[in-house]
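# Fold and contact review
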Amino acid sequence: MTRYELEDRLLHGGDYNPDQWLDHPEILEKDLELMKKSKSNTFSIGMFSWSQLEPREGEFHFEWLDKVMDDIYSIGGNVILATPSGARPAWMSKKYPEVLRTNDKREKMLHGGRHNHCFSSPVYREKIAIMNQKLVERYGNHPALFMWHISNEYSGECHCDYCQANFREWLKNKYGSLKSLNDAWWAPFWSHAYSDWSEIESPSSIGETMVHGHNLDWKRFVTHQTIDFYEHEIKDLRRLTPEVPITTNFMADTHDLIPFQSLDYGQFAKHVDVISWDCYPAWHNDWETTADLASKVGFINDQYRSMKQKPFLIMESTPSGVNWHDVNKMKRPGMHLLSSMQFIAHGSDSNLYFQWRKSRGSSEKFHGAVVDHDNSEENRVFQDVKAVGEALEKIKEIKGSYKAAKVAILYDWENNWALNDAQGFSNASKRYPQTLQEHYRYFWNHDIAVEVVTSEADLSKYDLVIAPMMYLIREDVMARFASFVSQGGILVSTYITGYVNENDLTYLGGWPQQLQEIFGISVKETDTLYPNDRNQLRYGAQTFEVKDYCTILELGTAESIVYYEEDFYAKTPAVTKNNYGQGQAYFIGARTGLDFLEVIYDQIAKETTLANSWVIKGDKEVSVQSRDFDEESYYFVMNFSESNKMIEVASESLDLITNTSKDCQLELKPYEVLLLKLKQN
Ligand code: GAL
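Residues numbered from 1 in each chain as written. Predicted model: local features only at pLDDT ≥ 70, side-chain atom pairs only at ≥ 80, totals over all residues. Heavy atoms only, no water.

An unreviewed UniProt entry lists the protein under the name Beta-galactosidase, with Enterococcus eurekensis as the source organism. The UniProt entry for the protein carries the following text under Sequence similarities (unreviewed entry): "Belongs to the glycosyl hydrolase 42 family." UniProt's Catalytic activity (unreviewed entry) comment on the protein is quoted here verbatim: "Hydrolysis of terminal non-reducing beta-D-galactose residues in beta-D-galactosides." (UniProt positions renumbered as here; feature names shortened; annotations may be inferred.)

## Some words on the overall build of the protein
Looking only at helices and strands, one finds 18 helices and 30 strands in the protein. Computed over its C-alpha atoms, the radius of gyration of the protein comes to 26 Å, within 12% of the 26 Å expected for a compact globule of 681 residues. Considered along the principal axes of its C-alpha atoms, the protein spans approximately 75 × 75 × 45 Å. In the protein, which comprises 681 residues, the share counted as buried stands at 60%. As displayed, the protein offers around 26,700 Å² of accessible surface, 49% of which is attributable to carbon and sulfur atoms. Of the side-chain charges in the protein, 70 are positive and 99 negative, and the distance between the mean point of each set is 3 Å. (Helix = DSSP H or I, 4+ residues; strand = E, 2+ residues; numbered from the N terminus. Rg over C-alpha atoms; globule rule 2.2 N^0.38 Å. Buried < 20%, exposed > 50% of the residue type's maximum accessible area, 1.4 Å probe, protein only. Areas by Shrake-Rupley, 256 points an atom, 1.4 Å probe, with all protein chains shown as cover. Lys, Arg positive; Asp, Glu negative; His and termini not counted. Charge placed at Lys NZ, Arg CZ, Asp CG, Glu CD.)

## Overview of the nonpolar core
Of all hydrophobic cores here, the largest spans 193 residues; its most connected members are Trp148, Trp185, Ile395 and Ile518. Broken down by element, the residue count for this core peaks at 9 residues, all from helix H9 (residues 212-240). Split by domain, this core shows at least three residues from each of two domains, domain 1 (407-606) and domain 2 (615-678). Setting aside anything within four residues of it in sequence, one finds Trp148 in contact with Ile80, Leu81, Leu135, Val136, Leu237, Thr241, Val244, Pro245, Ile246 and Thr247. (Core = buried A, V, L, I, M, F, W, Y, C linked by side-chain atoms within 4.5 Å. Domains from an automatic or database assignment. Contact = heavy atoms within 4.5 Å.)

## Considerations on the packing of helix H11 (residues 290-308) against helix H12 (residues 335-345)
Orientation of H11 relative to H12, taken along the N-to-C sense of each, is 30 degrees, at an axis distance of 10 Å. With respect to H12, the element H11 is oriented roughly parallel. Where H11 crosses over H12, the two elements pack in a sense that is right-handed. Judged by residue contacts, Thr290, Ala294, Val297, Gly298 and Asn301 of H11 engage Met335, Gln342 and Phe343 from H12. Across the contact of H11 with H12, the residue classes tally to 4 nonpolar, 4 polar and no charged. (Axes fitted to C-alpha atoms, helices over the stretch in contact; angles between N-to-C directions. Parallel < 35°, antiparallel > 145°, perpendicular 65-115°, else oblique. Left-handed = near helix turned anticlockwise from the far one by under 90°. Nonpolar A, V, L, I, M, F, W, Y, C, P; charged D, E, K, R; others polar.)

## Notes on helix H2 (residues 25-37)
Here H2 is 13 residues long and its end C-alpha atoms lie 19 Å apart, about the 18 Å a rise of 1.5 Å per residue gives. All of the buried residues along H2 are Ile27, Leu28, Asp31, Leu32, Leu34 and Met35. Phi turns positive one or two residues past the end of H2, at Lys39, with a value near 60 degrees. (Expected span 1.5 Å × (residues − 1).)

## Notes on helix H6 (residues 122-139)
Here H6 contains 18 residues, and its C-alpha end-to-end distance of 26 Å stays within 8% of the 26 Å for a straight helix at 1.5 Å per residue. Among the residues of H6, those classed as buried are Val123, Tyr124, Arg125, Lys127, Ile128, Met131, Asn132, Leu135, Val136 and Tyr139. Among the structural elements, helix H3 (50-53), helix H4 (63-74), strand E3 (78-82), helix H5 (90-95), strand E4 (145-149) and H9 are those in contact with the buried residues of H6.

## Observations concerning the side chain of Glu598
Its location among the elements puts Glu598 in helix H18 (residues 594-607). On the accessibility criterion, Glu598 (10% relative accessible area) is buried. Setting aside residues up to four positions removed in sequence, Glu598 forms contacts with Tyr442, Asn445, His446 and Lys620.

Encoded structure:
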């Protein structure tokens, strides 16, 4: 059994940068003492240590890392050892400028920052292969080695000649002939047809970006090339340490906390053993409620859990504030425990931090850390971290548990790219990821578990699949929708669905036939509204406001359950329901607020067994998430509000965090979190 498999603790600790403190042995000594005191057990090391590991070309220094590995082992800790490709030493940039990126304007980037390396550069590939081989040979059998952390937050793109050549190769493999490429890209448009492969270049912001198939293929290529580089990095690690799991830290897009936009993580996930990600919500901000933000955090955690249908890791989070939000506010008392437990509640087996010790200089010297410049265990942040460490020890029996959901929301990266590129509708109001998060919000409000999956997922295990705004929809996805619904599933889709195929070419002959059959309607027109325009929907005796998009529909076999109230399409269907085979397909033609989604999903939840039957009387700001083993169920009850809350649940329980018994009436203080253990019978 590997160290990873044997580990029965939840992971607590984080990014440790001893390479910044090698001249301060007393600090490194103190770190070990504080690691133990903070109940930390796992450290990610080496992400940015290339200039300490190889200060001059071919001159390697591993002694310091040997000592760090041994020291962490001596206190019973795990090491997640990183490959250092996220930042390269200056000698390399100077001697081999090809390792640096060229931006889309074809400007060569200069040395500086990090994440500034070309994924195609043969020299960079050669150098990282040498480094990674040395790391695996030296530490592959080290007893502290727990997991490989490949590079850091892979992202970005390069437009150098190597990348252009690789892009052309990738296109040749994909299309075989220029004729097929020109057809797929609708290239005669504005005279873009190519007569030789060498004419093709990556899209540039100072050149032509109007050929949508070209843009979409470039984005696919960037994902491909990033994964190709990652695969290159792990070759020797896989070969020499097949039993050590491999991860790389994924991200979210930050201000809005929506899924990461520029890489198709659905594809990348297939190549990693354990999903891990870095989560930095702006708690206590001034533009949304704590519950609004908590729901978005929940969405992305659910997405990462769903990728492999097993527990994931939080690789980075902050114990207090960060340094790169517009305003870097500290966590209020109670928030650190609550936000840490939320990760675990959605399926993480860790809460790891960036960073262990606050650096003394450079851009992250004011970023939150477990150990501050005061080097003390007395301050509030250290005490908060220690409290999380103690709580994780008390609840460690949940490690490895999982909760399968009956509801899936489909997130499709290619659809998002194509929709953002589409010149039509309104660029400001497309908001595909945010729309998915609004639909998710109903389920979060009602404590119903959700998985967030790609359009390649096996849908048969779900009762309800929600696929809003599937502007780009492949024929095989339509076929899988058809078989899902015909076998008894419930499918919900919305406005701006069914426009283009995988090449971003529109479907011809009206709304795709297969969608017409599934939904029992045909889409005639989509009206895009100005930001201040409103329409109304009538549903029974209630009316609901509509904004941004209104689809004009023609009924086939579907029934209309909601009508428009205004404009030239007043009294025509806005929301429809169709019986198709054993199941039903709902089409929400207009963009509504959460008020209408609450009503429609309430109806769907009543017709199925989706509702969380354990919560008798919930509260929209108190989130309940469960994790299960076959015999046991655990419920996290989390108050994401600034006031006291009461909820009622179906059974008595034991709170593992405080070791106290709880009856069915649960009273929660602001930001309070409970982890309740139930016996299933
Ligand atoms: C992450 C990165 C870390 C650190 C952190 C600060 O994106 O991986 O190295 O910079 O942000 O929040």
